[in-house]
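Each chain, written out:
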Amino acid sequence: MVMDLMERMIGPSPSEVSSGTTLEIAKQMIEWRRAEHDRLDKIHKYLRGKQPHPFAPRGAPEDVRKLARMSRVNICKIVISALAQTLYVEGYRQENEGSDAPVWAVWQANSCDAKQSGIYRAAMAYGASYATVLPGVNGPEIRGYSPRWMTAVYADDDDRWPLYALRAIPNRNGWLYRLFDAEAVHYLESNGQGGDLKIIESEAHGIGETPVVRFLNEIDLDEDNDGEIEPLMDLQDQIDHTTFGLKVAEHYGAFKQRAVMGWVAANEEELLKASAQRVWAFEDPDVKAFEFSETNLDGYLGSRESSITYAAVLSQVPAHYLLGKMINLSAEALVAAEASLIRKSKERQHSFGESQEQVLSLAAQVAGIETSEGAQVRWSDPEQRTFGAMVDALLKLRQLGVPVEMLFEKVPWFTQRDVERAIDLVHAGSPTDQLIALLQRQEGAFDFDEDVA
């Protein structure tokens, strides 16, 4: 049972990956990756809204099959996006320092401001994602990977650095692989079926650890690290099935239907003429006309809304994100509605933050930059506040004596460069102060001894 849980996302047990040759280790890692491929691909389909569409009965007409295909209402991507859009690392600082550490330049050089979201989205969708740090031509290179393309194995008593990690790269003629270990990156290739595996070359990285960092969606001591998508799959199917029933009802029963018993039109023209008439008259007294009432769609709509609401509760995403209903919500009510999402976001900041600090520490090592163990990443504030409330809070903090340099960092839309520029302007003083200082410097430059004069 423990082995089954471990294989959910963490990777194969060390006992499954032998300590044999590089080629043998790569073969075992490839086999484990294949075992996980179907599950991860299924998650990928739900994430992209390509999950199996509702089942149309055998022999159903083409329009019913078309309704089934259009009945997929994807909520999974909204759940991932709602959380990912609250997670942005904005800086990295040493202990008791007010500016970013030098290694932050490596982060910027690798465009990680944009790339970080992809790492978080993959971790939340599948349960884990990975980042690699390797020496490059222009300095350390940081890259993020989905678990669909990277697999790692960890020691039972150490989950900081993997023993091995394998990256798979599809190729026109087969597969390319990169096997990472504590000494080198090994490049391998195989045919389309994974056979004829061979090593192309090995390149030492000189880091001393396998340069792969794992991002976990949840820290679970039972190693059952699910992503956000799998628990929602059944609800997603319910929503799609209800939507299919709704569309069929709309198509066939949303309008009143009229019927005539005991009479048959002689031709199509006569039937159309009768259908257009407001008053029908028949000579035969046994002919009866009646109508079917339209189908009430409220039950379908209520059922779908109920499933979506439960999905919102299960995922801790505000219901109005999924339902699109925001009627007469005050600022306080909106904050309360998003409280569960903010709590979840802050939990992810702690787990992802440790991984990002590990990435930056590794990048500093590769770049030869000193960094302390107490250095931490800085996250943007996930909470949304009104402008008035934010300004009022900052002014009160200033009245309490909080330095203005610290307050600039709390302005939500200020980037780190904005903060640094604002601090420089404050230190430079007002334009009047700058003019007085300039005149004083000029006056000092022309001072001379009266006796000489």
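Anything mentioned here points back to the structure above.
Residues numbered from 1 in each chain as written. Predicted model: local features only at pLDDT ≥ 70, side-chain atom pairs only at ≥ 80, totals over all residues. Heavy atoms only, no water.

Enquirer: Tell me about the overall build of the protein, residues and numbers included.
Expert: Of the regular secondary structure elements, the protein holds 16 helices and twelve strands. Within the span of the protein, comprising 453 residues, buried residues form 39% of the whole. When the accessible area of the protein is evaluated, it comes to approximately 26,600 Å², of which 52% is carbon and sulfur surface. (Helix = DSSP H or I, 4+ residues; strand = E, 2+ residues; numbered from the N terminus. Buried < 20%, exposed > 50% of the residue type's maximum accessible area, 1.4 Å probe, protein only. Areas by Shrake-Rupley, 256 points an atom, 1.4 Å probe, with all protein chains shown as cover.)

Enquirer: Residue-level account of the packing of helix H3 (residues 62–69) against helix H7 (residues 233–253), with values.
Expert: With their axes 9 Å apart at the nearest point, H3 and H7 run at an angle of 140° to one another. The orientation of H3 relative to H7 falls into the category oblique. Crossing angle aside, the handedness with which H3 passes H7 is right-handed. Every residue of H7 that contacts H3 at Asp63, Val64, Leu67 and Ala68 is listed here: Phe244, Lys247, Val248, His251 and Tyr252. Tallied by class, the residues present in the contact of H3 with H7 amount to six nonpolar, one polar and two charged. (Axes fitted to C-alpha atoms, helices over the stretch in contact; angles between N-to-C directions. Parallel < 35°, antiparallel > 145°, perpendicular 65-115°, else oblique. Left-handed = near helix turned anticlockwise from the far one by under 90°. Contact = heavy atoms within 4.5 Å. Nonpolar A, V, L, I, M, F, W, Y, C, P; charged D, E, K, R; others polar.)

Enquirer: Tell me about the nonpolar core, and name the residues and values.
Expert: General note: in soluble globular proteins, nonpolar side chains tend to be found buried as a group. Judged by nonpolar contacts, the single largest core of 43 residues is most densely connected at Tyr92, Val103, Tyr120, Met124, Phe215, Ile229 and Phe352. Of all the elements, helix H6 (residues 112–126) adds the most residues to this core, at eight residues. Apart from residues no more than four positions distant in its own chain, methionine 124 is found in contact with Ile80, Leu83, Ala84, Leu87, Asn217, Gly227, Glu228, Ile229 and Phe352. In terms of nonpolar packing, the next biggest core, distinct from the first, is built from twelve residues, Ile25, Met29, Ile30 and Leu179 among them. (Core = buried A, V, L, I, M, F, W, Y, C linked by side-chain atoms within 4.5 Å.)

Enquirer: Which residues make up the pattern of salt bridges, and what values go with them?
Expert: For the structure on display, the rule yields twelve salt bridges. Arginine 348 is paired through a salt bridge with glutamate 218; the nearest N and O atoms lie 3.7 Å apart. With arginine 348 in helix H12 (residues 339–367) and glutamate 218 in the loop between strand E9 (212–216) and H7, this residue pair connects regions lying 130 residues apart in the sequence. Arginine 348 sits in the buried class, given a relative accessible area of 1%. Here glutamate 218 falls in the partly exposed class, since its relative accessible area comes to 31%. Taken together, the shared-partner salt bridges connect Glu218, Glu228, Lys344, Glu347 and Arg348 into one network. (Salt bridge = Lys/Arg side-chain N within 4 Å of Asp/Glu carboxyl O.)

Enquirer: Residues and numbers for the sheet that holds strand E4 (residues 150–153), please.
Expert: Ordered in space as E4-E5-E6-E7-E8, the five strands form an open sheet in which the pairing is antiparallel. Looking at the sheet topology across the chains shown, the edges are occupied by E4 and strand E8 (198–204). Between one strand and the next, the sheet's axes are offset by a mean angle of 20°, whatever the strand orientation. Alignment of E4 against strand E5 (residues 164–171), held across four bridges, turns out to be antiparallel. In the sheet register, alanine 152 faces E5, and the bridge partner there is alanine 165. (Pairing = 2+ DSSP bridges.)

Enquirer: Describe the sheet that holds strand E2 (residues 128–136), and please don't skip the residues or the numbers.
Expert: Ordered in space as E3-E2-E9, the three strands form an open sheet in which the pairing is antiparallel. This sheet does not close on itself; its edge strands, each paired only once, are strand E3 (139–145) and E9. On average, each strand axis in the sheet is inclined to that of its neighbour by 20°, with strand direction left out of account. Two elements, E2 and E3, share seven bridges in a ladder whose sense is antiparallel.

Enquirer: Pulling in residues and values, what's your account of unusual backbone geometry?
Expert: Phi angles above zero are rare outside glycine, and serine 111 is one such case at about 55°. Looking at the secondary structure, you find serine 111 in the loop between helix H5 (104–109) and H6. For serine 111, a relative accessible area of 43% translates into the label partly exposed.

Enquirer: So what about the side chain of threonine 86? Which residues, and what values?
Expert: Take threonine 86: it is sitting in the loop between helix H4 (76–84) and strand E1 (89–93). Among the residues examined, threonine 86 registers a relative accessible area of 10% and is labelled buried. In terms of polar contacts, threonine 86 uses its side chain to reach the backbone carbonyl oxygen of leucine 83, at 2.7 Å. Here the side chain of threonine 86 touches serine 345 through a polar contact of 2.8 Å, side chain to side chain. Every residue in contact with threonine 86, bar those within four places of it in the chain, is listed here: Ser345, Gln349, Ser380 and Pro382. (Polar contact = N/O pair within 3.5 Å; in protein donor to acceptor, adjacent residues only side chain to side chain.)

Enquirer: Go over a nonpolar patch on the surface with me, naming the residues and quoting the values.
Expert: Taken together, the side chains of Tyr310, Val313 and Leu314 make up a nonpolar region of the molecular surface, amounting to roughly 310 Å² of accessible area. Tracing the chain through its elements places valine 313 in helix H9 (residues 298–315). Judged by relative accessible area, valine 313 falls into the exposed class, the value being 59%. (Patch = residues over 30% accessible without salt bridge, like charges linked within 9 Å, V, L, I, M, F, W, Y side chains within 5 Å.)

Enquirer: Help me get a handle on H12, residues and values and all.
Expert: In this model H12 runs 40 Å from its N-terminal to its C-terminal C-alpha over 29 residues, within 8% of the 42 Å that 1.5 Å per residue would give. At phenylalanine 352, H12 shows its maximal bend, which comes to roughly 25°. One or two residues past the end of H12 sits glycine 368, with phi positive at roughly 75°. (Expected span 1.5 Å × (residues − 1). Bend = angle between axes of the 7 residues up to and from the residue.)

Enquirer: Outline the packing of aromatic side chains, listing residues and values.
Expert: For the structure shown, the criterion picks out seven aromatic pairs. Seen in terms of ring centroids, phenylalanine 215 and phenylalanine 352 are 6.2 Å apart; in terms of plane orientation they differ by 55°. Their pairing is tilted. Within this pair, whereas phenylalanine 215 is found in strand E9, its partner phenylalanine 352 is found in helix H12, the two being separated by 137 residues in sequence. The class of phenylalanine 215 is buried, set by a relative accessible area of 0%. Taken together through their ring pairs, the aromatic side chains of Tyr120, Phe215, Phe352 and Trp379 make up a single cluster. Positioned over the ring face of tyrosine 154 is arginine 214, at 3.8 Å from the centre of the ring. (Phe/Tyr/Trp six-rings, centres within 6.5 Å; stacked < 30°, edge-to-face > 60°. Lys NZ or Arg CZ within 6 Å of the ring centre and 35° of its normal.)

Purely geometric stuff here, so don't read any function into it on its own.
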